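# Notes for the structure review
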Amino acid sequence: MYYVPILLTIIANVFYHIFQKLIPDDTNPISSLILTYSTALVGSLIIFICYHKNTSFIDSFKGLNWTSCALGLSIILLELGFLLAYRVGWDVSLAAIVSNVSVTL
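Residues numbered from 1 in each chain as written. Predicted model: local features only at pLDDT ≥ 70, side-chain atom pairs only at ≥ 80, totals over all residues. Heavy atoms only, no water.

## Section: the side chain of His17
- When you line up the elements, His17 lands in helix H1 (residues 4-22).
- Residue His17 is classed as buried on the basis of its relative accessible area, which comes to 7%.
- Other than its neighbours up to four places away in sequence, His17 contacts Phe82, Tyr86, Val92 and Ala96. (Helix = DSSP H or I, 4+ residues; strand = E, 2+ residues; numbered from the N terminus. Buried < 20%, exposed > 50% of the residue type's maximum accessible area, 1.4 Å probe, protein only. Contact = heavy atoms within 4.5 Å.)

## What about helix H2 (residues 29-50)?
- Taking 1.5 Å of rise per residue, 22 residues should cover 32 Å, and H2 covers 32 Å from first to last C-alpha, within 8% of that figure.
- Buried within H2 are the following residues: Pro29, Ser32 and Leu33. Along H2, the residues classed as buried sweep out an arc of 90 degrees about the axis, all on the same side. Opposite the buried face of H2, by more than 90 degrees, sit the exposed residues Ile34, Leu35, Thr39, Leu41, Ile46 and Ile49.
- Contacts made by the buried residues of H2 are with helix H3 (66-87).
- Where H2 begins, the capping side chain belongs to Asn28, and its oxygen is found 2.7 Å from the backbone nitrogen of Ile30.
- Following H2 by one or two positions, His52 adopts a phi angle in the positive range, close to 50 degrees. (Expected span 1.5 Å × (residues − 1). Arc of directions from axis to C-beta. Polar contact = N/O pair within 3.5 Å; in protein donor to acceptor, adjacent residues only side chain to side chain.)

## So, the packing of H2 against H3
- Two numbers describe how H2 lies on H3: the axes approach to 11 Å, and their chain directions differ by 130 degrees. Judged by the angle between their axes, H2 and H3 are oblique. Handedness of the crossing formed by H2 with H3: right-handed. Together, Pro29, Ile30, Ser32, Leu33 and Tyr37 of H2 and Ile75, Ile76, Glu79, Leu80, Leu83, Leu84 and Arg87 of H3 make up the contact between the two elements.
- Classifying every residue of the contact of H2 with H3 by side-chain character gives nine nonpolar, one polar and two charged. (Axes fitted to C-alpha atoms, helices over the stretch in contact; angles between N-to-C directions. Parallel < 35°, antiparallel > 145°, perpendicular 65-115°, else oblique. Left-handed = near helix turned anticlockwise from the far one by under 90°. Nonpolar A, V, L, I, M, F, W, Y, C, P; charged D, E, K, R; others polar.)

Encoded structure:
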């Protein structure tokens, strides 16, 4: 089980960048984010039903704090940044590397 989470992130990251690059250039980037996060919300609710059945939906929010909201805002900026980078011509092979190496440094 040690490698499963990393394998999941690798697979998801590959699809993330491919799909992000395939979003049509003539669409509103904010509309794209709204649809993306609506899909993520529905998917998260479905996964919640199957995950940790010993906690109610309401009780599962009790231990959360502001960091979950801050993470959500960070993710929106991350998504928008990559979407706009791909629209101005960044290659998938270069954008992710430049971003990730810069973050690591």
